[in-house]
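Structural overview
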Amino acid sequence: MATGVTYTDSSTLTSGQQTLIAGAGMAFEAAAPDPDLVRVEQLPEGHRQANLGIFARLAQASALQESVDLQSSEQLSTNYITIEPSEHGIQVTISKREMRRQMDAQVRSVAGEQMGGSLRRREANDVITLYDTFTQSAPGAGSVLDIGHFRGAVAYLLTDNSSAYGPAPMPVHAALHIEQISDIILDITDPGAGGAANSLARPTGPFNELIKGWWRGNDRLYGVAIWHSGNIARDATSGDSKGTIKHQNSLVLVEEGGAEAVDETDESARITEFGLFKSWGEALQIDVHGVEIFSDTVATFA
């Protein structure tokens, strides 16, 4: 090779080289199944609030003797809750110059999709807040969820704990933090104190299929669909989370129409405001048809 030769390398002409700008991806929005796991009622146009009632059970029928008049009489009774939806919304403001440079159709599409995810997240979190209103709670702060708590909660729901409402009908379902689901997986895959060899063995039969496909998000255990609720928070101090096992009708969500998309342009400021708004309200209706799953969810990998 010749020596003393001056040559041009890749850094010499950088100002004239082209740069590829890849399209920006969308941030992943956590799973938000919670609004679909409760009783949902639509408030018709022209109405302010919803009164939602459930007929209470009558007392047990009496045994009679022939030709003897029945002395007692029952009355129909309805238990009502009242929900008045409130408005929720989010707004994104974009300059006209930015829309020109970024391409108007792309900016509008991204803003709409991001606002939709944000509004759904808020609705899910409002429902999640209700999980803490159930009287029954297990296993408790700092405790790890295991299969005993799970089957115990299901047994409680299917027990006749209320003269008015009776036991919860099937199906019931669970909405849990992912670390709560992880604890259940650990519990059903650990064969117990059977020696070092057995501790590595995976159980055979239905549990084997359950383990292999668990992360689909709503598999069943004891006939109960377990949903990964991606918006259930972990307490920053205690490391605990609050999920639930419940029947759908234990909680009620009243929606006032669908989501309303609006946009408004301020010509003097040369900006466009995009907004997405929706009205809803939520409440507990049947306390004995739900159990709060309150347990430790410290991260398996910190």
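A quick note: this is a predicted structure, and the numbers were derived from the prediction, not measured. (Residues numbered from 1 in each chain as written. Predicted model: local features only at pLDDT ≥ 70, side-chain atom pairs only at ≥ 80, totals over all residues. Heavy atoms only, no water.)

Points about the side chain of Asp-183
Along the chain, the position of Asp-183 falls in helix α4 (residues 178–189). Within the buried core, Asp-183 has no salt-bridge partner, and the shortest N-O distance to an opposite charge, that of Arg-234, equals 9.3 Å. In contact with Asp-183, not counting residues within four places along its chain, are Val-144, Leu-145 and Asp-296. (Helix = DSSP H or I, 4+ residues; strand = E, 2+ residues; numbered from the N terminus. Buried < 20%, exposed > 50% of the residue type's maximum accessible area, 1.4 Å probe, protein only. Lys, Arg positive; Asp, Glu negative; His and termini not counted. Salt bridge = Lys/Arg side-chain N within 4 Å of Asp/Glu carboxyl O. Contact = heavy atoms within 4.5 Å.)

Description of the environment of Ser-62
Looking at the secondary structure, you find Ser-62 in the loop between β2 (50–55) and β3 (78–83). When sequence neighbours within four positions are dropped, the list of residues in contact with Ser-62 reads Leu-70 and Ser-72.

Brief notes about the nonpolar core
Residues Phe-150, Leu-157, Ala-174, Leu-176, Ile-226, Ile-245 and Ile-293 are the most contacted members of the largest nonpolar core, which totals 23 residues. Elements supplying a minimum of two residues to this core: α3 (147–157), β6 (173–176), α4, β8 (224–228) and β12 (290–296). Top contributing element to this core by residue count: α3, with six residues. Excluding residues within four positions of it along the chain, Ile-293 makes contact with Ala-138, Leu-145, Ala-153, Leu-176, Gln-180, Ser-241, Lys-242, Gly-243, Thr-244 and Ile-245. By size, the runner-up hydrophobic cluster in this structure holds 20 residues, among which are Leu-37, Val-107, Leu-119 and Leu-130. (Core = buried A, V, L, I, M, F, W, Y, C linked by side-chain atoms within 4.5 Å.)

Section: the sheet that holds strand β4 (residues 86–95)
Ordered by their spatial adjacency, four strands build an open sheet running β1-β10-β11-β4, and the pairing between neighbours is mixed. Lying at the two open borders of the sheet, with one neighbouring strand each, are β1 (39–42) and β4. Strand-to-strand twist across the sheet, computed as the mean angle between neighbouring axes with direction ignored, equals 30°. Examined bridge by bridge, β4 and strand β11 (residues 271–284) share 10 bridges and lie antiparallel to one another. In the strand pairing of β11, Val-92 is matched with Phe-274. (Pairing = 2+ DSSP bridges. Axes fitted to C-alpha atoms, helices over the stretch in contact; angles between N-to-C directions.)

Let's talk about unusual backbone geometry
Here the bond from Ala-138 into Pro-139 is cis, since omega is -5°, no more than 30 degrees from zero. Residue placement: Pro-139 occurs in strand β5 (residues 137–139). In this structure, Pro-171 follows Met-170 across a cis peptide bond, with omega equal to 5°. Within the fold, Pro-171 resides in the loop between α3 and β6. Its identity as a non-glycine residue notwithstanding, Ser-67 has a phi of 70°, on the positive side. Examined against the element boundaries, Ser-67 turns out to sit in the loop between β2 and β3. For Ser-67, a relative accessible area of 76% corresponds to the exposed category. Its identity is not glycine, yet Arg-270 carries a phi of approximately 60°, on the positive side. Tracing the backbone through its elements, the reader meets Arg-270 in the loop between β10 (251–266) and β11. Arg-270 gets classed as exposed once you look at its relative accessible area, which sits at 52%.

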